[in-house]
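Understanding the architecture of this molecule
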Amino acid sequence: MANVTDLQTKYSKLAQEYSKLRAQNQVLKKAVVDEQANSASFKEQLKQRDQSLRKQEQEMDSLSFRNQQLAKRVELLQEELAVSESKGKKGKSKADSPSQHGLETQSVFDEDLQKKIEENERLHIQFYEADEHHRKQEAELTTRLRELEKDSGQHQAVVEGLTTKYMETIDRLQSDKARLEVKAQTLEREAKECRMRTEECQQQLRRCQSELNRQVKQSSSVIQEKVPFNDTKFGDYNSLNVPPHNRRHQLKARDVAGQALSFIQDLVAALLNFHSYTEQRVHIYPLDSSIEPISPLNQKFSQYLHENAAYVRPLEDGFLQLHQSITEDTVTVLETVVKLKSFADNFSSYTGFLQKILPYQLKSLEEECNAPLCTAALIAKNQELLSDMKRVTSVFEKLQSYIKLLALPSVRQDAMPQSSTSAVFTQLAACLHSLHDAIKEMSKHYNQKASFEQELPTITQKLCTTTECLLGSLGSLTSSTGKIATFFSNNLDFFTSSGYSPRGSTVALNPLQAESMLANKKKAAAYIHAIKQGRPQSVPYREALSNRRVLTSSTESREGLTQQVQQSQEKIARLEQEKEHWLLEAQLGKVRLEKENQRIADLEAQLAAALGENPNSQPAAAGTLSESHEEAEEEQKAAGRESALCTSLVGMLCTTPTVEHVGDEESREQLIKTHYMARVGELTTQLQISDSKAVHFHSECRALAKRLAIAEKSRETLSEEVKLANQNVTRLQDELTTTKRSYEDQLSMMSDHLCSMNETLSKQREEIDTLKLGSKGNAKKNKGR
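Values in this document were obtained by computation on a predicted structure and should not be read as measured data.

All right, on to the overall build of the chain then. When helices and strands are tallied, the chain shows 15 helices and two strands. The buried share of the chain, reckoned over its 785 residues, is 23%. Considering only intrachain contacts with a sequence separation of at least 6, the fraction spanning at least 24 residues in the chain is 79%. Carbon and sulfur atoms make up 55% of the accessible area of the chain, which totals about 56000 Å².

Next comes the structure, spelled out in structure tokens:
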């Protein structure tokens, strides 16, 4: 079932992501359509500009043609002018009237020519300006068209990529859906089988219940008639009325304690997150500790908040010990639950911690109110948060008082009657609901304060992230306190009921009766086990007394034998230590013997090598090698009286002053030199190998350090991604809530509209019916007339 739940969660997450991507696809499609419309409009503008350009080119062609015509006309006029001038020179002697007429005509032509030249120049300038303007517009439009085509291509590629991604997501979701359907079918089959087995078990349970009810009735009648022990003269003897062990009550208490432990763990995690994020916020707002030092008050407040785990963690540990102390083989009432006192002490220490940090919280909020950019709305929200924090602290103090009262019967007998216990449990349930309401109000005011802080110009991303985490911890704290309050209210009947009480009495169970009850339970279990194994059910009294005497004597003899065994064991341990000591001494002696033998062998070999150079002394050398170590020492002592002391660079050598031993000193010195040089070479090689290993290890350490740095960076990036993912989840949940509310509002509006439409339709039908009746009445009157 857990796998199915996980798959359903994954499927819902994928569906949410698909809907989100689908919405983004719609936005991108709209953007692409808009860009296509803009591109079409730009193309239309370009087309219009081309048309105007062609029109201007046509006008330019016509103007150039007109200019050519005018130029030809000017040339013709100039030619005519030249001809007329030549003719004027020839006929100068003629009358003055024709020459005067020619001059007037020439002046008219000159003026016309000057006007045409000026017009031609103006048209050339206009044509050049229009050409330049057209070229600039054409270049701008071409550049913009390229950019738009590039943007359109990019948008198209994004749309294709998203379409591919959506198709892959759809295929994956379909495959997951098919797999989930197959799994659902298998689970349905298993559920059917489980239902069949459940029906069979229920039938067996009914049979067992009927049989047990019959046995219970029979046993109850026997108990009521014979078992109760009521002494009216001495009430202390009534403590012999030990109640039976209630296994069902123990299982219920174990289950309730387990559920409460899970809720306490959630509450502890929420409190830890709340205090930690509050500490981070103190370091960020109103002054960022990374830029400038915060006030001493906030530093002290941060120091106290940093110690919150030392007060919050013991709550979970104390309740865990309480849960572990409640088993099937124990008696769980307020008088026997000793671990409740440690939980009450831990709760009292946490309440003291809240009282200690309350003044610093108030001063910190006052410091935020005194900030230069703090608005009136923020000041009002801070004042509301001040009252909320005071209320939460007072509720925790009330809870501390009630929990101490509940833990008091386990410390002192007859501390609280049963009626007072029920009243304390009832008040505790009401106090838990008050705590939930107070934390809910504080979370609400903090949300409003965060929304106001988002509007400040100096808000940072770090503060936003910390505030969101703080709001998340407040939400989980509200949820956990609500679950605890609901759980306590639902199980209030179990808490106030007395699971154990002596027969024929309403007094609460004391620890002595609980011990007697458990002892009787163990004896009864052992007795029934003995009966099942075929052992005798009981032992005669005289036989039991004899067995008691035998057991006492055997116990005494066993104690004496135990002391003897302990003394023997101590002696054996001491002998073992001495044995190990002498084994180590033997090993050391063996090593020394081997060294002495090796030294003697080396001396004999050197002696043989020294004597081998003189052929006359070979028989003596052979005899010397065959002798024992004692004879060699005697010979060395005898030869030492005639020896001489020689020194060299290597060391000191004692030799006899004979002619045969002159070369022996040099050879021995050469051998020793060779040996030490070889030894130095070996040590140098080992040193080089060690250096190379050290360099290798150094490089490996550097590589590991780099890998560690990379891993740290990747961890930081992953933590940032996790934070972003949590923020996205929160944002998506808010969007889902907003969408759900809007849909609900729309549905309510539609339902109201449908109701109004139904009312309108019913009114119209009534009017139609009245009009029909009126028309029928008028028709009958007309017929009567």
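From this point, the discussion proceeds with the structure in view.
So, on to the pattern of salt bridges. The full count for this structure, using the stated rule, is 10 salt bridges. With its nearest N and O atoms 3.8 Å apart, the salt bridge here joins R135 to E132. Here R135 pairs with E132, and both are found in helix α2 (residues 96-226), just three residues apart, close to one helical turn. The exposure class of R135 is partly exposed, given its relative accessible area of 48%. Taking relative accessible area as the criterion, E132 reaches 27% and is therefore assigned partly exposed. Across the pair R313 and E316 runs a salt bridge, and its minimum N-O distance is 3.9 Å. With R313 and E316 both in helix α5 (residues 309-325) and three residues apart, this pair spans about one turn of that helix. In this structure, a network of salt bridges that share partners links the residues D131, E132 and R135.

On to the packing of aromatic side chains. Tallied over the entire structure, the rule returns 10 aromatic pairs. Counting every residue linked through ring pairs, the aromatic cluster contains Y311, F319, F343, F347, Y350, F353 and F396. When the ring centre of Y304 is taken as origin, the NZ or CZ atom of K356, which lies over that ring, is 4.6 Å away.

On to the nonpolar core, then. The biggest cluster of nonpolar side chains holds 69 residues, and the ones touching the most others in it are Y350 and F488. Of all elements in the fold, only α3 (247-284), α4 (296-306), α5, α6 (339-369), α7 (376-407), α8 (418-454), α9 (461-490) and α10 (492-496) reach the threshold of two or more residues within this core. Looking at which element gives the most residues to this core, the answer is α3, with 14 residues. In this view, F488 contacts F425, L428, A429, L432 and F495; residues no more than four positions away in its chain are not counted. Counting seven residues, the second largest nonpolar core, distinct from the first, contains A371, C374, L378 and L463.

For G472, the location among the structural elements is in helix α9. Considered as a pair, G472 and Q727 are 255 residues apart in the sequence and their alpha carbons are 9.8 Å apart.

Attention now goes to the packing of α6 against α7. Between α6 and α7, the least distance of the axes is 9 Å, while the angle of their chain directions is 165°. When the axis of α6 is compared with that of α7, the two are roughly antiparallel. Helix-helix and strand crossings are classified by hand; for α6 and α7 the assignment is left-handed. Tallied by class, the residues present in the contact of α6 with α7 amount to 19 nonpolar, seven polar and five charged.

Next up on the list: the packing of α4 against α6. Remark: α4 packs on α6, axes separated minimally by 10 Å, with the N-to-C direction vectors making an angle of 145°. When the axes of α4 and α6 are compared, the crossing they make is left-handed. Here α4 contributes L297, N298, K300, F301, Y304 and L305 to the contact with α6, which in turn contributes F353, K356, I357, Y360, Q361, K363, S364 and E367. Here the contact of α4 with α6 is composed, by residue class, of seven nonpolar, three polar and four charged.

Within the fold, S480 resides in helix α9. Every residue in contact with S480, bar those within four places of it in the chain, is listed here: D266, L267 and A270.

One can find T351 in helix α6. Here F347 takes part through its backbone oxygen, which lies 2.8 Å from a polar atom of the side chain of T351. If we ignore the near neighbours within four places in the chain, the residues touching T351 are F396, E397 and Q400.

Right, let's talk about the confidence of the model for the chain for a bit. Overall, the predicted model of the chain reaches an average pLDDT of 76, with 77% of residues at or above 70. When mean pLDDT is compared element by element in the chain, α9 scores highest at 87, while strand β1 (residues 644-647) scores lowest at 41. Here residues 226-240 is modelled with pLDDT under 50, and outside its nearest four sequence neighbours on either side it reaches 15 contacts, counting other chains as well. Every residue in residues 614-662 is under pLDDT 50, and counting partners more than four places away or in other chains gives 40 contacts.

Cut-offs applied
- Residues numbered from 1 in each chain as written.
- Predicted model: local features only at pLDDT ≥ 70, side-chain atom pairs only at ≥ 80, totals over all residues.
- Heavy atoms only, no water.
- Helix = DSSP H or I, 4+ residues; strand = E, 2+ residues; numbered from the N terminus.
- Buried < 20%, exposed > 50% of the residue type's maximum accessible area, 1.4 Å probe, protein only.
- Contact = heavy atoms within 4.5 Å.
- Areas by Shrake-Rupley, 256 points an atom, 1.4 Å probe, with all protein chains shown as cover.
- Salt bridge = Lys/Arg side-chain N within 4 Å of Asp/Glu carboxyl O.
- Phe/Tyr/Trp six-rings, centres within 6.5 Å; stacked < 30°, edge-to-face > 60°.
- Lys NZ or Arg CZ within 6 Å of the ring centre and 35° of its normal.
- Core = buried A, V, L, I, M, F, W, Y, C linked by side-chain atoms within 4.5 Å.
- Axes fitted to C-alpha atoms, helices over the stretch in contact; angles between N-to-C directions.
- Parallel < 35°, antiparallel > 145°, perpendicular 65-115°, else oblique.
- Left-handed = near helix turned anticlockwise from the far one by under 90°.
- Nonpolar A, V, L, I, M, F, W, Y, C, P; charged D, E, K, R; others polar.
- Polar contact = N/O pair within 3.5 Å; in protein donor to acceptor, adjacent residues only side chain to side chain.
- pLDDT = per-residue confidence, 0-100.

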